[in-house]
Amino acid sequence: MSEVVGRGTVLAGRYRVLSPVVSDLAGASAWQATDQILDRPVRVRILEHGAVAPALDAARRAALVTDARLVRVLDVGTHEGYGYVVSEQLVGQSLARLVAQGPLTADQARAVVGEAASALEIARRRGVHHLALRPSVLHVSPDGRVLLGGLALDAALLGDSGGDARSTTRADAVGLVRLLYAALTGLWPADPRAPQTPGGETLPPAPIVNGSPVAPADLVPGVPNDLDTLCVVTLGPNEDGPHSPGELVRELEPWGEIRASVAETATLGEPMTAQFPPTGAAAPGGGIPVPADHDDQDTAPVTVQRQSVRTAFAQQDPPGANRPGTPPPATPTRATGLGPVPSDAETPPTGLPLITPPAYTQAAPPPPVVRRPVAQATAPPPPPEEETLEAFGFNDVIGAETAAPTTRRFDPTALILILVAVAVIIGVVLAFRALFASFDTGASSDTDPDPAPSASAPAVADPAPEPTAAETPVAPAGGPPVIASTTSIDPSDADGEHQEDVAKAYDGDPATFWYTQTYKRDDFAGFKDAVGYAITLTQKTTVSTVTLRTNSTGGNVEVRATDAANPTAGPVLASGAFGPETVLTLEPATETQSLVLWITQLPPAPEGGFRVEVTEIALS
């Protein structure tokens, strides 16, 4: 436990630390806290020692993954030299405590691990992995929801970068199968690379025969053949079984609902406790379970809406749609004399009860029409404002029997039309003056009786002989290259890398720069093969050199005459390492309107890790 952070400490002027909770990672402590601005309970993890900087960066990446089954990261920061990560509060019992009461049934084990696999498949498609799966990070809430914590953060704090994309994806798939084994047997088939859970969270180790855990069906009767085979082949000596969470989802589908009931209400700073599976249902109108010997016991399970990985990706918002938490635009209503008329197509939002509007009452009949005398028939009609008020029945303000106004209001329409006409005439006159002024300049030069030869007007000479094809120089197609726009390319994410700063690489200010994300290795830590920077010119031009001024030294970059849609198309025209000023000469000089700088290796960063910072780009 740190000496700087304790009970009563306020982090970032917002999060007040209340009481400690169990943490199974060395170098990190966990606390119950409260968000004093939003007045809600949160969970704070204090990173005291270890790979703190990579862990904070991993928590930031995990915050970009949105799924109801993943514990949300709310804030990341440092406090007096200690890193901290604020997340939503964990409720419910962990898988370790659930199976300590007895193994789960096969259908419940299938459902719990299937939901966790669906959540990790969504994270995998955003390039984020867990890599530290264990029974203490998988929770089941009292209402039957699966909550998975420690995404990317736990592995980074332990110094596990995961390797390439294939090995990290396989590691999560195997970790999920280990959780399935533990749910079916109550035993943990420990991975030597994974952290061990201390104290009350520890499960008995699974028996090992010939280097592999004993099959679940040999330990617990009634384990289905498909789950037993899945555990045996995945945890065996060969690289069999699923290689991604998505493949495991297909192995486990379909699964049913998760059953859970609240046994007691947790106080602040204490974990929620649940019975799993339930031994009694909730009493009508209350949260206390009915005893098992009660005659009217309701054994119906709590229904939980299941969301698979396919539906989660199919329901993503289109570009430009409101982000989660943004209220929808108000629906315009139609108004009549009887009040607003509801639309038959309107339906209440999902999860909200339909509110029946009050019955409409018949409005009072309109006042009788008062006919005016014949002498007033030729009077001018009332102004439009009065007609509108009369149409809505405001006769107490402007009565129906009020005489026509004696003074007519001023109509500004004619004045506005006159001013517009005058402006148009002045514009036409100025345009003709500018046009004829240019003609007068040309005429004065033509009337000069004896123009003297000047250096700017070369004498007419015999045309020189045309050079041969071998002697023809390569001339620019449309003047010097001028950058019109740029964009960053990230093969694993359509948002690119620091897209908001791409213009700083050619703004003429060497103090500003575009830069990539910081990675643990120069090969992008296995998340992708390269990162690109696409350049679009104002017109098609012959480009012979590309000069890069950077704050980095090392790595490798390639130049290709292509665009962001096909960044690796075409041959490599030039390549080299980054430096304070790197001049890349295109062989041969190429006529193009777009170039791509394809960064295949990152240079080291001064504070650690690997990234590149490009201050200026010049073309010639």
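For clarity, every value in this text was computed on a predicted model and none was experimentally measured. Residue positions are given per chain, counted from 1 along the sequence in the order it is written. Per-residue local features are limited, in this predicted model, to residues with pLDDT of at least 70; the limit for side-chain atom pairs, both in listing and counting, is 80 or more; totals at the level of whole chains, interfaces and linings are taken over all residues. Each side-chain value is worked out from all heavy atoms of the structure, with water and hydrogens disregarded.

Caption draft 1: A look at the overall build of the protein chain. Check the secondary structure of the protein chain and you find 11 helices and 22 strands. Relative accessibility under 20% of the residue-type maximum defines a buried residue, over 50% an exposed one, and the middle range a partly exposed one, all with a 1.4 Å probe and only protein chains included. Considering the protein chain as a whole, with its 620 residues, one finds that 38% of them fall into the buried category. Contact criterion: two residues are considered in contact whenever any of their non-hydrogen atoms come within 4.5 Å of each other. A separation threshold of at least 6 residues defines the contact pool for the protein chain, and within that pool the share at least 24 residues apart is 67%. The accessible surface values rely on the Shrake-Rupley method and a 1.4 Å probe; as for residues, cover is taken only from the protein chains in view. Of the accessible surface of the protein chain, which amounts to about 35200 Å², a share of 57% is contributed by carbon and sulfur atoms. Each helix is a run of H or I in the DSSP string that is no shorter than four residues. Each strand is a run of E no shorter than two, and both are numbered from the N terminus.

Caption draft 2: View of the sheet that holds strand E1 (residues 10–11). Paired strands, in this sense, are two strands between which DSSP finds at least two bridges. One open sheet accounts for six strands, arranged E1-E2-E3-E4-E6-E5; its pairing is antiparallel. Each edge of the open sheet carries a strand with a single partner, namely E1 and strand E5 (73–79). Summarising the sheet, strand E2 (residues 15–21) and strand E3 (residues 28–35) pair through six bridges and their orientation is antiparallel. Its bridge partner being in E3, Arg16 is matched across the sheet by Thr34. In the packing of helix H1 (residues 52–62) onto the sheet, the strands contacted are strand E4 (40–47), E5 and strand E6 (82–88), and the crossing angle to E5 comes to about 155 degrees. As a rule, the C-alpha atoms of each element are fitted with a line to give its axis, helices using only the stretch in contact, and angles between N-to-C directions run from 0 to 180 degrees.

Caption draft 3: Inspection of the pairing of E4 at higher detail. Of all the eight residues making up E4, six are buried; the element is thus mostly covered by neighbouring parts of the structure. Between E3 and the antiparallel strand that follows it, E4, lie four residues; Asp39 among them carries a positive phi value of about 55 degrees.

Caption draft 4: Quick look at the confidence of the model for the protein chain. The predictor attaches a confidence to each residue, and that confidence, scored 0 to 100, is pLDDT. For the protein chain, the average pLDDT comes to 75, and 67% of its residues sit at 70 or higher. Here residues 369–406 scores under 50 on pLDDT; set against residues more than four positions off or in separate chains, the count is 16 contacts.

Caption draft 5: Inspection of helix H3 (residues 106–125) at higher detail. Helix span, as expected, comes to 1.5 Å for every residue beyond the first. An ideal rise of 1.5 Å per residue puts 28 Å on 20 residues; H3 measures up with 28 Å between its terminal C-alpha atoms. With 16 of its 20 residues buried, H3 lies for the most part within the structure.

Caption draft 6: The arrangement of the environment of Leu98 in detail. Within the element layout of this structure, Leu98 appears in helix H2 (residues 95–100). Once the C-alpha coordinates of Leu98 and Val140 are considered, the two residues, 42 residues apart in sequence, prove to be 8.7 Å apart.

Caption draft 7: Layout of the packing of helix H5 (residues 165–185) against helix H8 (residues 245–252). For the pair H5 and H8, the least separation of the axes is 8 Å and the interaxial angle reads 35 degrees. For the pair formed by H5 and H8, the contact residues are Thr169, Asp172, Ala173, Leu176, Val177 and Leu180 on the first element and Pro245, Leu248 and Leu252 on the second.

Caption draft 8: A look at a nonpolar patch on the surface. Note on patches: the residues involved have over 30% relative accessible area and no salt bridge, like charges join within 9 Å, and the nonpolar side chains Val, Leu, Ile, Met, Phe, Trp and Tyr join within 5 Å. Any carboxyl oxygen of Asp or Glu within 4 Å of a side-chain nitrogen of Lys or Arg constitutes a salt bridge here. On the surface, a nonpolar cluster with roughly 630 Å² of combined accessible area is contributed by Ile416, Val420, Val424, Val428, Phe432, Leu435 and Phe436. Mapped onto the fold, Leu435 is located in helix H11 (residues 413–446). Owing to a relative accessible area of 40%, Leu435 belongs among the partly exposed residues under this scheme.

Caption draft 9: The pattern of salt bridges, seen in detail. Scanning the model with the defined rule gives 23 salt bridges in all. The partner of Asp24 in a salt bridge is Arg134, and the shortest N-O contact between them spans 2.8 Å. A residue pair is termed long-range when its members are at least 10 positions apart, and Asp24 in the loop between E2 and E3 and Arg134 in the loop between H3 and strand E8 (138–140) qualify at 110 residues. Both residues of the pair, Asp24 and Arg134, count as buried. Note that Arg126 and Asp493 form a salt bridge whose closest N and O atoms lie 3.9 Å from each other. Placement of the pair is Arg126 in the loop between H3 and E8 and Asp493 in the loop between strand E16 (483–489) and strand E17 (514–515), with a sequence separation of 367 residues. Residue Arg126 is classed as partly exposed on the basis of its relative accessible area of 38%. Residue class for Asp493 comes out partly exposed when judged on its relative accessible area of 24%.

Caption draft 10: Region of the structure containing the sheet that holds strand E7 (residues 93–94). The three strands lie next to each other as E7-E8-E9, forming an open sheet whose pairing is antiparallel. What marks the edges here is a single partner per strand, and that holds for E7 and strand E9 (146–148). Across three bridges, the pairing between E8 and E9 is antiparallel. Bridging from a neighbouring strand, Leu138 pairs with Leu148 of E9. The strands touched by H3 are E8 and E9; relative to E9, the strand with the most contacts, the crossing angle is about 50 degrees.

Caption draft 11: Local environment of the side chain of Ser594. For Ser594, the location among the structural elements is in strand E21 (residues 582–601). The buried category is assigned to Ser594, whose relative accessible area is 17%. A 3.5 Å cut-off defines polar contacts: any pair of N or O atoms within that distance qualifies, except that in protein one atom must be a possible hydrogen donor and the other a possible acceptor, and neighbouring residues in sequence count only when both atoms are side-chain atoms. Separated by 3.0 Å, the side chain of Ser594 and the backbone oxygen of Thr562 make a polar contact. Ignoring any residue separated from it by four or fewer positions in sequence, one finds Ser594 in contact with Ile535, Thr536, Arg560, Ala561, Thr562 and Asp563.

Caption draft 12: Region of interest: the packing of H3 against H5. Close contact between H3 and H5 brings their axes to 9 Å; oriented N to C, the two are set at 160 degrees. Classified by the angle their axes make, H3 and H5 are roughly antiparallel. Seen along the crossing, H3 lies across H5 with a hand that is right-handed. Contacts from Ala106, Ala109, Arg110, Val113, Ala116, Ala117, Leu120 and Arg124 of H3 reach H5 at Thr169, Asp172, Leu176, Leu179, Leu180, Ala183 and Leu184. When grouped by side-chain class, the residues that make up the contact of H3 with H5 number 11 nonpolar, one polar and three charged. For classification purposes, angles smaller than 35 degrees are called roughly parallel, those larger than 145 roughly antiparallel, those between 65 and 115 roughly perpendicular, and all remaining angles oblique. Crossings are assigned a handedness: left-handed for a near helix turned anticlockwise from the far helix by less than a right angle, right-handed for a clockwise turn. In the scheme used here, Gly and all other residues not listed as nonpolar or charged are polar, with Ala, Val, Leu, Ile, Met, Phe, Trp, Tyr, Cys and Pro taken as nonpolar and Asp, Glu, Lys and Arg as charged.

Caption draft 13: A look at the pairing of E2. Of the pairings in the sheet, the one linking E1 to E2 comprises two bridges and is antiparallel in character. The partner of Leu11 across the bridge, within E2, is Tyr15. Hairpin remark: E1 followed by E2, antiparallel, with three residues in the connecting loop; positive phi at Ala12, about 55 degrees.

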